[in-house]
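Each chain, written out:
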Amino acid sequence: MKRVVSLLCLNYAASVYAAGGEGSRPRGVGPEFAKFYKDAVTFSCITNPSVNIPIGRVNDDYCDCPDGSDEPGTSACAHVSPLSPHTPVDQSHARHNISLALPGFYCKNKGHVPTYVPFTSVNDGICDYELCCDGSEEWDHVGGVKCEDRCQQIGKEFRKLDEARQKSLGNAGRKRKELVAEAGRLRKEVEDRLMTLGTEIEGSELKVKQLEGELAEVERREKGKVVRSAVQKVGKMGALVGLAKQRTQELRETLERVRQERDSSRSRLEELESVLSTFKEEYNPNFNDEGGPEPDAAHDRDLNAITQSDKENGIDWEEYEGEEDSDTDVLYAFENYLPVSLRGWVDQKLRDLRVTLIDSGILADTGSSSGESKAVADAQQRLNSARNDLDNSRKSLTEHKEGLDKDFGPDDIFRALKGQCISTDSGEYTYEFCFMDKTTQKPKKGGGHTNMGNFVRVERMTVDEDLPPNGKGLGTCERIAMKHENGQHCWNGPNRATTVILGCAEEGEIWKIMEEEKCVYRMEVGTPAVCEALGQAVPKKADGRDEL
Amino acid sequence: MRGNTICRSLSVKHENFKTCAQSGFCKRNRDYADHASSLSSSWDSPYKLDSSSIKFSNGVLSGTLLKTIDTTTAETVRLPLIITFLESGTARITIDEERRQTGEIELRHDSKARKERYNEAEKWAIVGGMQLSSGAAVSRDAEAGSTKVVYGPGSTFEAVIFHAPFGVEFERGGETQIKFNEKGYMNVEHWRPKIEKPIEEKKEGEDATSEEVAKEIGEDESTWWEESFGGNTDSKPRGPESVGIDVTFPGYEHVYGIAEHTGPLSLKQTRGGEGNFNEPYRLYNSDVFEYELDSPMTLYGSIPFMQAHKKDSTVGIFWLNAAETWIDIVKAKVSANPLSLGIGGHTDTQTHWFSESGLIDVFVFLGPTPKDVVRSYSELTGYTQLPQQFAIGYHQCRWNYVTDEDVRDVDRKFDKHLIPYDVIWLDIEYTEGKKYFTWDPLTFPDPLGMQKQLDAHDRKLVAIIDPHIKNEGGYSVVDELKSKDLAVHNKDDTIYEGWCWPGSSYWIDCFSPSARKWWAGLFQYAKFPSSAPNLFIWNDMNEPSVFNGPETTMPKDNLHHGHWEHRDVHNINGMTLINATYEALLSRNKAEEKSLRRPFVLTRSFYSGSQRLGAMWTGDNQASWDHLAASVGMILSMGISGFPFAGADVGGFFGNPSKELLTRWYQAGAFYPFFRGHAHIDTRRREPYLAGAPYTEIITQALRLRYSLLPAWYTAFYQASTSGTPIVQPNYYVHPGDEKGLAVDDQLYLGNTGLLAKPVTSEGAESVDIYLADAETYYDYFDFTTYQGPGTKTIPAPLEKIPILMQGGHIVPRRERPRRSSGLMKFDPFTLVVVLGNSGDAEGELYLDDGESFEYEAGAYIHRKFAYSGPTSTLSSEDLSIEGKKTKQYLQTMMDVRVEKIIIIGAPESWKIKSEVGVSEEGTNKSTPVKKAALSWHAASGGKAAWAVVRNPAVAIGKGWKVDFAS
């Protein structure tokens, strides 16, 4: 029973198309194998034709053929499989692979679709209506079992469902087309924007060049008529202080932002702690590693201090601004005025600042400490602004280019769905999947959301799943999957990750969510975006052999 | 191993469990023994049997032992002695304390505890075999100062009771087998009032002297009145009360038993020295997290039954005491003549048993075979329950299948991959907030639908129910437990509260009959919502495990029903729970089902007798090769300890096994009597179908092998249930005369099928060495390669192969058609594998019944003996059954079940020219001609034996028949 993963996503793995006349095949033989059972006297094992047995031994509930082909209608050869332990008794006739020549017991299923049921299910006392709606596989009535023919009813239900499914597939196909169109439009938008940006950049480059020229000209003109002005009074120190002041404000803002982030982290931390404490309560203390985060109130106090305005904080900028004679060394002493806990951090920032200053020539430029004329300053400002515009445009160009090159799946289709979210309830959580973004777990009882992974890439993967009658499932084939990684860290585990596997459906819908291993999730999601693959795959004809 | 979450090395927290030095009575008894040994022959054991008190009638000898407690005043304590001789050949020595019996003692701290020494262990452990010996008699030829009783089969046993000092020697066939108190370690700590001594001022250097004094009299008082460990203080209201005695097995080098421990089957010495343990073996049922291998540390269960074995002789003792117990083992080399070292020398195994409270109550078994000893023990404590057939199929467990849909999905996947299994399990997460008898409404919204899906393929669900009941308002189970006062009490005699999975919890006290009755009520279908008849139960944490208790269990001064202290009953506690659950499962299905079905309960904690009630597993093991290797010895040890329905978590509980390890573990697990895959919540999923090629295929082969051999397994269970035979057997049990193989514990025989499996327990193995004890011919199970015993043989063992040999001389029944579950094999035909031995004969057995009900008790079963006779070249099936009311009806249902194939391994060359055999069946008319069945013979080649197959003899499995190979 060789397993071949079909590239096609079969609706019914085991379905077989009836072909050929009924004739008088031995029990359990499918029409495509009828030819092997025609001889009235002798039967030759299908894959071991050198082994011949009297026809009376076909279906006599004793396994004669090494490939099991003499027992198409019983379970006598069910053990002929690489899944069974074997001895020379099973391999007595020749060297060969142990595998069945037949896909299973053929159920005619009149009124429905014919199927092969595994030999292991033949005459085991269980009516396998899912595969064998006519109950013919329990012909021996072991233990008194009687499996009535239910094909009329099951077939009818199937056709009804199938019709609905086909209709739904049609709708889904249309939706997909719309999505493709939308994706195309979005792409076009990006491409257009790229073009615009290209033009903008060209213009900006020209402008910068021109302004550079202007500045040079103004400087040349202004040279020599520099006077010591009020500005000069501020001096080098003043300039530095101005910069430091500005930088400090930036740092303060950064700090504020970091603090907010920290607070939100902390609320997550609290949640984790509550998880931990629940865990602690519920866990054998013998093996519960003690240890949670230290309360960081002290640290928090320091942060409070530094984010206060400068005056309250003891930094009197005016003092510096007025102090002409101060040396730049004061800059390095600045950190002394800070709370100890932040000194190191600020020190680093100041070092960065100093590097910036030197890079931009401020610290080294001892000769031009005098104030510049307004004309020069204005020219400089115009140039800077033009340079800024150019940088922004270039950045935007890069971003858009990346966006264009990114893998949005076949036909660029997920471009149309980017940022769209679908969710479902499962157990005590609501799960959310946002296309090209992330997956999230939200407790129904309230509390923080858990990031289950951020989108990293589109992949293809082979799945082997049941396909429920309503079609909401993956079946056996290659599917498009989205990998999400680096979600929130799991206690005593990895960062959360989610693989979202997509199947065709009329509407976006999360079918199934599983935690496959600790903090590694798998979502099965229906979306019209992947319907084309399925649409192509509906088989015109399949013998289903590989599937059994 | 990406994402392996457990990267720390696992090891037990020793500090959570007492060493002998930290257990007051253990230290006192060891010190006492050291003191006695140091004095050697000048040691005068203070226990004397008052000769005038001795009486003997109806197989019972009684008398009074006097313990001298003050040599100057000659003050003594009276200790009633009873030695009982049983019809079975078993003897029993019971020593109590008179003052405790009559209640003339005072308890400290106003304790409500009982004053007697605990004397109800037998109520729980002993169920039979207590018929008194009619033939036992006092012999007249006793030497002065001793009394001799002759008893046992053919009066070949003797017990010689020495009066002063007291001691008993047991002889068989004129040879001494077991000696009690030969070393003078006997110690019954009698009750005494606490005398408050004036607090002496401690001076430098004084400690040493006072300690020495204490040592000299062997009485270190520091642990008499209270003991603290890990922040818990034991109030010890009765003071010191331990009992101990030494038991010597002269000439015996090997002792086995006293499960549950991780060390080798043949027990190690415990008094230090190279390769020996430094601690005694401990029996104090505990939830030992991440337990270590090769250790005398206690584990979850206790069976205080020990066998001593030497070539062709086995004896044993059963120490019936439920309190904390330690056993020291020393093997003393004795050379008969110091000048001829080694010649005529032998080894005596000296054991020293002591328990914290209760009686000295010891059963003595004189064998002479391992079978006899295990049978005698099992006769007393009960035979293994004959389980339902599904229970010996494969069980799929995980902490946790998280939703009912998850369970259904796993169920479907097994079918999709054509892998057989019978039972899927639910660990604690299925409950609503760890409240047993509830289902989490969010994750298990449809438990009945789930159970129904399983039932469609005759599969079962096992759900966990633990003894701790969550202390939470609005939970009817805890409300009833409290209002009916059915929980264990604390030392103040009010309800005891501790912590376990649910947080604050109470513990049902299953020692109480009314608690058991209430418990049974909880399992009624109406009371346990959404429970279906295919739901069975797993009792975990029943040591009991108490997260915040001393040594992760209950305080010893807790009080149980009848006001017995927990100290007295601790090791029995786990058994009382599964006893209650067993009874509950029996009573739940009266109305709803057509016939009573056998309960299935899995337990982690156990005591002698638990085998009557269900299966055990070895608790929380680890996904490592050494744990896989250790499991074999542990399961063998359970087998010879009368509790053979044992298994270890396949794959290892903690950690992620490599695919190779997982595969090898399934191959080993196929030879565990209890075969269950289980995994910790932090591990990756590892259901067999997830392993991928080639592992899934190889694992499936192992599972299908197990299922094809179920007839042999079920027969082995039947034998265990009627004679105590281990289901998997160690070499010494099968070959008691083979001196070289007495310590072999890494290979196992399946019942008496002659199938010998040697699980591969090392990584990357391509072959294994297998030990053959006898001169029989053995054949490779899969390719018929011949191995001639005795000796160690190397057999190939690539990953896809389980090393199994078939010992010549056996007939093994199989059912070769793979099905989805064991229930669906009920009407499948049989294959008989006849393995011809050196004699040319072979023999085997088959037991068969409906696999679920008790109707076999009314004769609804098939029990056949198959015998192949070399001289007459005939194979016959003989009836071993005893007809009962339901025999005919059962045989009728099995009428069409036939033998479809007979395989003869080692078939004689003379069959080369034969093409058919004659088949005759009982009940057919004598005048009808004998049927013929085709025979094919295949020559030996390349070291592989010749073999033959009889094609479809089509004889009924339930009938007598004969296959004639000569005609």
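Fair warning: this is a prediction, and the values are worked out from it, not measured in the lab. (Residues numbered from 1 in each chain as written. Chains lettered and ligands numbered in written order. Predicted model: local features only at pLDDT ≥ 70, side-chain atom pairs only at ≥ 80, totals over all residues. Heavy atoms only, no water.)

Trainee: Looking at this model, I keep getting lost on the overall build of chain B. Mind explaining?
Mentor: Assigned secondary structure in chain B consists of 16 helices and 51 strands. Taking 2.2 N^0.38 as the reference for a compact globule, 967 residues should give roughly 30 Å; the C-alpha atoms of chain B span a radius of gyration of 29 Å, in line with that estimate. For chain B, the spread of C-alpha atoms along the principal axes amounts to about 95 × 75 × 55 Å. A buried classification covers 66% of the 967 residues belonging to chain B. Contacts in chain B between residues at least 24 apart in sequence constitute 72% of all its contacts with a sequence separation of at least 6. (Helix = DSSP H or I, 4+ residues; strand = E, 2+ residues; numbered from the N terminus. Rg over C-alpha atoms; globule rule 2.2 N^0.38 Å. Buried < 20%, exposed > 50% of the residue type's maximum accessible area, 1.4 Å probe, protein only. Contact = heavy atoms within 4.5 Å.)

Trainee: What exactly am I supposed to notice about the overall build of chain A here?
Mentor: For chain A, the helix and strand inventory stands at eight helices and twelve strands. Counting all 548 residues of chain A, 41% fall into the buried class. Summarising the internal contacts of chain A: among those between residues at least 6 apart in sequence, 55% fall at separations of at least 24. Summed over all atoms, the accessible surface of chain A reaches about 29,200 Å², with 50% contributed by carbon and sulfur. (Areas by Shrake-Rupley, 256 points an atom, 1.4 Å probe, with all protein chains shown as cover.)

Trainee: Got a minute to help me understand the nonpolar core in this structure?
Mentor: For soluble globular proteins, nonpolar side chains are generally found buried alongside one another. Residue and element names in this part refer to chain B. Residues Trp519, Phe523 and Phe600 are the most contacted members of the largest nonpolar core, which totals 173 residues. Not counting chain neighbours up to four residues away, the residues in contact with Phe523 comprise Phe437, Ile465, Phe528, Ile537, Thr581, Ala584, Leu585 and Arg588. Residues Ala159, Tyr185, Ile245 and Trp353 belong to the second largest nonpolar core, which totals 53 residues. (Core = buried A, V, L, I, M, F, W, Y, C linked by side-chain atoms within 4.5 Å.)

Trainee: Just checking my understanding: could you explain the interface of chain B and chain A for this structure?
Mentor: Across the contact, 56 residues belong to chain B and 56 residues belong to chain A. Of the roughly 5,000 Å² buried where chain B meets chain A, counting both sides, 53% is carbon and sulfur surface. Our count for the contact surface shared by chain B and chain A stands at eleven salt bridges. Residue Arg820 of chain B is joined to Asp124 of chain A by a salt bridge in which the shortest nitrogen-to-oxygen separation is 2.7 Å. At the boundary of chain B with chain A, the tally comes to 18 residue pairs in polar contact (both at pLDDT 80 or more). Put simply, the parts of the chain that give the side of chain B that touches chain A at least two residues each are helix 6 (404-416), strand 26 (498-500), helix 13 (695-708), strand 47 (898-905), strand 49 (931-938) and strand 50 (947-956) of chain B. Split by residue class, the side of chain B that touches chain A holds 21 nonpolar, 14 polar and 21 charged. (Buried area = accessible area lost by both parts, 1.4 Å probe. Salt bridge = Lys/Arg side-chain N within 4 Å of Asp/Glu carboxyl O. Polar contact = N/O pair within 3.5 Å; in protein donor to acceptor, adjacent residues only side chain to side chain. Nonpolar A, V, L, I, M, F, W, Y, C, P; charged D, E, K, R; others polar.)

Trainee: Where do I start with the sheet that holds strand 5 (residues 421-426) of chain A in this structure?
Mentor: Strands pair in a sheet through their backbones, by hydrogen bonds, and they do so in one of two ways: parallel or antiparallel. All names here are of chain A. Spatially, the eight strands line up as an open sheet ordered 5-6-7-8-9-10-12-11, and their pairing is mixed. The open sheet has two edge strands with one neighbour each: strand 5 and strand 11 (509-517). On average, adjacent strands in this sheet sit at an angle of 25° to one another, irrespective of strand direction. As paired elements, strand 6 (residues 429-434) and strand 7 (residues 438-443) share six bridges and run antiparallel to each other. Paired with Phe433 across the bridge in strand 7 is Thr439. (Pairing = 2+ DSSP bridges. Axes fitted to C-alpha atoms, helices over the stretch in contact; angles between N-to-C directions.)

Trainee: Help me out: how do you make sense of the sheet that holds strand 38 (residues 777-780) of chain B in this one?
Mentor: All names here are of chain B. Here we have six strands laid out as an open sheet, ordered 34-35-36-41-38-39, and antiparallel in their pairing. Looking at which strands have only one partner, the edges of the open sheet turn out to be strand 34 (728-729) and strand 39 (786-788). In this sheet, strand 41 (residues 804-807) lies alongside strand 38 in antiparallel orientation, the contact comprising three bridges. The partner of Tyr778 across the bridge, within strand 41, is Gln807.

Trainee: How do you make sense of the packing of helix 6 of chain B against helix 7 (residues 447-455) of chain B when you look at a structure like this?
Mentor: In helix packing, the relevant descriptors are the interaxial angle and the interaxial distance, both defined with respect to the helix axes. Residue and element names in this part refer to chain B. It is at 9 Å that the axes of helix 6 and helix 7 come closest, and there the two elements cross at 10°. Put simply, helix 6 runs roughly parallel to helix 7. Across the interface between the two elements, Asp404, Val407, Arg408, Asp411 and Arg412 of helix 6 pack against Pro447, Gly449, Met450, Gln453 and Leu454 of helix 7. Each residue belonging to the contact of helix 6 with helix 7 can be placed in one class, and the counts come to four nonpolar, two polar and four charged. (Parallel < 35°, antiparallel > 145°, perpendicular 65-115°, else oblique.)

Trainee: It is not clear to me how the packing of aromatic side chains should be interpreted in this structure. Could you clarify?
Mentor: Here a ring pair, both rings aromatic, is described through the centre-centre distance and the interplanar angle of the planes. All names here are of chain B. A complete count under the given rule lists 66 aromatic pairs over all chains for this structure. Ring geometry for Trp439 versus Phe444: centroids 6.2 Å apart, planes at 40°, classification tilted. Each of the two residues, Trp439 as well as Phe444, counts as buried. On the numbers, 5.6 Å between centres and 90° between planes, the contact of Phe606 with Phe643 is edge-to-face. Residue Phe606 is located in the loop between strand 29 (601-603) and strand 30 (615-617), and its partner Phe643 is located in the loop between helix 11 (625-640) and strand 31 (646-647); the two are separated by 37 residues in the primary sequence. (Phe/Tyr/Trp six-rings, centres within 6.5 Å; stacked < 30°, edge-to-face > 60°.)

Trainee: What am I meant to see in helix 7 of chain B here?
Mentor: Residues separated by three or four positions in an α-helix point in the same direction, a consequence of the helix having 3.6 residues per turn. Listed as buried for helix 7 of chain B are Pro447, Gly449, Met450, Gln451, Gln453 and Leu454 of chain B. Residues of helix 7 of chain B that are buried make contact with helix 6, strand 23 (423-426), strand 24 (460-464) and strand 28 (535-539) of chain B.

Trainee: Just to check I follow, could you spell out the state of the cysteines for this structure?
Mentor: Put plainly, two cysteines are in a disulfide when a covalent bond ties their sulfur atoms together. All names here are of chain A. This model, assessed by the stated rule, comprises nine disulfides over all chains. The disulfide that involves Cys63 links it to Cys77, with 2.1 Å between the sulfurs. Handedness of the Cys63-Cys77 disulfide follows from its S-S torsion of about 115°: it is right-handed. Remark: Cys77 occurs in the loop between strand 2 (52-54) and strand 3 (105-107) and Cys63 occurs in the loop between strand 2 and strand 3; sequence separation between them is 14 residues. (Disulfide = S-S within 2.5 Å.)

Trainee: In this structure, what is going on with the environment of Trp326 of chain B? I would like to understand it.
Mentor: Residues and elements named next belong to chain B. Counting through the fold element by element, Trp326 comes out in strand 19 (residues 325-334). For the pair formed by Trp326 and Tyr284, sequence separation is 42 residues and the distance between their alpha carbons is 8.4 Å. Here Glu324 takes part through its side chain, which lies 2.9 Å from a polar atom of the side chain of Trp326.

Trainee: Honestly, the environment of Pro533 of chain B in this entry has me stumped. Any pointers?
Mentor: All names here are of chain B. Along the polypeptide, Pro533 turns up in the loop between helix 9 (513-522) and strand 28. Here Pro533 falls in the partly exposed class, since its relative accessible area comes to 33%. Along the sequence, Pro533 and Lys452 sit 81 residues apart, while their C-alpha atoms lie 9.8 Å from each other.

Trainee: Looking at this model, I keep getting lost on the confidence of the model for chain A. Mind explaining?
Mentor: Residues and elements named next belong to chain A. For chain A, the average pLDDT comes to 78, and 70% of its residues sit at 70 or higher. Mean pLDDT across the secondary structure elements of chain A bottoms out at helix 3 (residues 297-307), with 50, and peaks at strand 3, with 97. Confidence drops under pLDDT 50 across residues 10-21; counting only partners more than four residues distant or on other chains, this segment forms 34 contacts. Low confidence marks residues 226-232, where pLDDT is under 50. Its contacts with residues over four positions away, or in another chain, come to five contacts. (pLDDT = per-residue confidence, 0-100.)

Trainee: Teacher, can you tell me more about the confidence of the model for chain B here?
Mentor: Should pLDDT be low for a region, the predicted coordinates there are not to be read in detail. Residues and elements named next belong to chain B. Counting all residues, the mean pLDDT for chain B is 94, and 95% of those residues have values of 70 or more. Scored below 50 in pLDDT, residues 1-8 makes twelve contacts in the model with residues more than four places away or belonging to other chains. The model gives residues 205-216 a pLDDT under 50, and that stretch makes seven contacts with residues more than four places away or in other chains. In the model output, the complex is listed with pTM 0.86 alongside ipTM 0.92.

Trainee: Please explain the pattern of salt bridges as it appears in this structure.
Mentor: Opposite charge on two side chains permits them to pair, given that their charged atoms come into close proximity. Within this structure, the stated rule accounts for 95 salt bridges over all chains. Between Arg951 of chain B and Asp60 of chain A there is a salt bridge; the shortest N-O distance is 2.7 Å. Taken together, the positions of Arg951 of chain B in strand 50 and Asp60 of chain A in the loop between strand 2 and strand 3 put the pair across two chains. Notably, a salt bridge pairs Glu405 of chain B with Arg412 of chain B, separated by 2.6 Å at the nearest N-O pair. Judged by its relative accessible area of 34%, Glu405 of chain B falls in the partly exposed class. A residue is classified by how much of its surface remains accessible, and Arg412 of chain B, at 27% relative accessible area, is partly exposed.

Trainee: Honestly, the pairing of strand 38 of chain B in this entry has me stumped. Any pointers?
Mentor: Residues and elements named next belong to chain B. Burial of strand 38 is two-sided: the residues Thr777 and Tyr779 facing one way and the residues Tyr778 and Asp780 facing the other way are all buried. Sheet topology places strand 38 next to strand 39; three bridges connect them, and they run antiparallel. Paired with Tyr778 across the bridge in strand 39 is Tyr787. Turn length for the strand 38-strand 39 hairpin, with the two strands adjacent in sequence and antiparallel, is five residues, and the turn residue Phe784 shows positive phi of about 65°.

Trainee: What's the story with unusual backbone geometry in this structure? I'm lost.
Mentor: One can expect most non-glycine residues to show negative phi and most peptide bonds to be in trans. For the bond from Ala259 of chain B to Glu260 of chain B, the omega torsion is 15°, close enough to zero to count as cis. As for its placement among the helices and strands, Glu260 of chain B is situated in the loop between strand 15 (254-257) and strand 16 (281-283). Cis peptide bonds are those with omega within 30 degrees of zero, and the linkage from Glu543 of chain B to Pro544 of chain B qualifies with 5°. Looking at the element boundaries, Pro544 of chain B is found in the loop between strand 28 and helix 10 (566-588). Backbone geometry at Asp412 of chain A places phi at a positive 65°, although glycine is not the residue there. Tracing the backbone through its elements, the reader meets Asp412 of chain A in the loop between helix 7 (374-405) and strand 5. One non-glycine residue, Cys519 of chain A, lies in positive phi territory at about 65°. Inspection of the secondary structure assignment puts Cys519 of chain A in the loop between strand 11 and strand 12 (520-527).

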